[in-house]
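Topology and contacts: notes
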Amino acid sequence: MTDATAPGAARPRVVQTVLDTTDPRGLAEFYRALLGMEYRAGDEPPAPGEPDPQGDDWLVLRGDGLWPLAFQKVPEITPPTWPEPAVPQQLHLDMTVPDGDTLDAQRDRAEALGARLLLDRRDDPDEPLYVLADPAGHPFCIFVG
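Here's what I pulled together on the structure shown here. (Residues numbered from 1 in each chain as written. Predicted model: local features only at pLDDT ≥ 70, side-chain atom pairs only at ≥ 80, totals over all residues. Heavy atoms only, no water.)

This brings us to the overall build of the protein chain. Looking only at helices and strands, the protein chain features two helices and eight strands. The helix and strand sequence of the protein chain, counted from the amino end, reads β-α-β-β-β-β-α-β-β-β. Dimensions of the protein chain, computed from the C-alpha atoms along their principal axes, are close to 55 × 50 × 35 Å. Evaluated residue by residue, the protein chain yields a buried proportion of 35% over its 145 residues. Within the protein chain, counting contacts between residues at least 6 apart in sequence, those at least 24 apart form 55% of the total. When the accessible surface of the protein chain is summed, it comes to about 8,800 Å², and 52% of that surface belongs to carbon and sulfur atoms. For the protein chain, the distance from the average site of its 12 positive side-chain charges to the average site of its 26 negative ones is 4 Å. (Helix = DSSP H or I, 4+ residues; strand = E, 2+ residues; numbered from the N terminus. Buried < 20%, exposed > 50% of the residue type's maximum accessible area, 1.4 Å probe, protein only. Contact = heavy atoms within 4.5 Å. Areas by Shrake-Rupley, 256 points an atom, 1.4 Å probe, with all protein chains shown as cover. Lys, Arg positive; Asp, Glu negative; His and termini not counted. Charge placed at Lys NZ, Arg CZ, Asp CG, Glu CD.)

Written as structure tokens, this is what we have:
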């Protein structure tokens, strides 16, 4: 048996972040537009009017220099209520932008795509940021960094 704690030992490797959603295609489209990602081959949307079996199950987005995001269909989801404690965040995505003007522009873009603002810390001198919820309710942060 190999010592899994030994230097150089094989270890699991995280390959993507998976978000549960009742609408995989809708949520994937939100993040595709927000982050400029592309669908994994075979996960692209079908032609208008065609069935979308992938979009009703599991989709993956990829992008240069970006961690892949996957979207998994679930029958129902209870969105986090953060900052209220009833339903905690459980997981959130952190995204950075280079400056305050870009921060504001990306907040506007995210909201135009269907996000809603949860917390506005734009004026924080140490870490200006916005916390938003995607259309399924998953929180994400955009901050200057």
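Moving on, we get to helix H2 (residues 100-112). The terminal C-alpha atoms of H2 lie 18 Å apart, and with 13 residues this matches the ideal 18 Å at 1.5 Å per residue to within 8%. Residues of H2 that are buried include every one of Gly 100, Leu 103, Gln 106, Arg 107 and Ala 110, and no others. End-on view of H2: buried residues confined to an arc of 120°, all on one side of the axis. For H2, exposure combined with an orientation more than 90 degrees from the buried face picks out Asp 101 and Ala 112. For H2, the N-terminal cap is Asp 99; the gap from its side-chain oxygen to the backbone nitrogen of Asp 101 is 3.2 Å. Of the residues trailing H2, Gly 114 is marked for its positive phi of about 120°. (Expected span 1.5 Å × (residues − 1). Arc of directions from axis to C-beta. Polar contact = N/O pair within 3.5 Å; in protein donor to acceptor, adjacent residues only side chain to side chain.)

With respect to the helices, strands and loops of the structure, Gly 63 is situated in strand S3 (residues 58-63). For Gly 63, a relative accessible area of 22% corresponds to the partly exposed category. Separated by 25 residues in sequence, Gly 63 and Glu 38 have C-alpha atoms that sit 6.0 Å apart.

Next up on the list: the pattern of salt bridges. Charged atoms that come close allow side chains of opposite charge to pair. For the structure shown, the criterion picks out nine salt bridges. Arg 32 serves as the salt-bridge partner of Glu 29, at 2.9 Å between the closest nitrogen and oxygen. Of this pair, Glu 29 and Arg 32 are both found in helix H1 (residues 24-35), three residues apart, which corresponds to roughly one turn of the helix. A salt bridge links Asp 43 to Arg 40; its shortest N-O distance comes to 3.0 Å. On the basis of relative accessibility, which here comes to 1%, the residue Asp 43 falls in the buried class. (Salt bridge = Lys/Arg side-chain N within 4 Å of Asp/Glu carboxyl O.)

Here strand S5 (residues 93-97) shows a clear split, with Leu 93, Met 95 and Val 97 buried on one side and none of Asp 94 and Thr 96 buried on the other. In the sheet, S5 pairs with strand S8 (residues 139-144) via five bridges, with the strands oriented parallel. The residue bridging Met 95 from the neighbouring strand is Ile 142, located in S8. (Pairing = 2+ DSSP bridges.)

Read from one edge to the other, the open sheet built from four strands follows the order S1-S4-S3-S2, with strand pairing classed as mixed. The open sheet has two free edges, formed respectively by strand S1 (17-21) and strand S2 (38-39), since each of these has just one partner strand. In the sheet, S3 pairs with strand S4 (residues 66-73) via five bridges, with the strands oriented antiparallel. Bridge pairing in S4 links Gly 63 to Leu 66.

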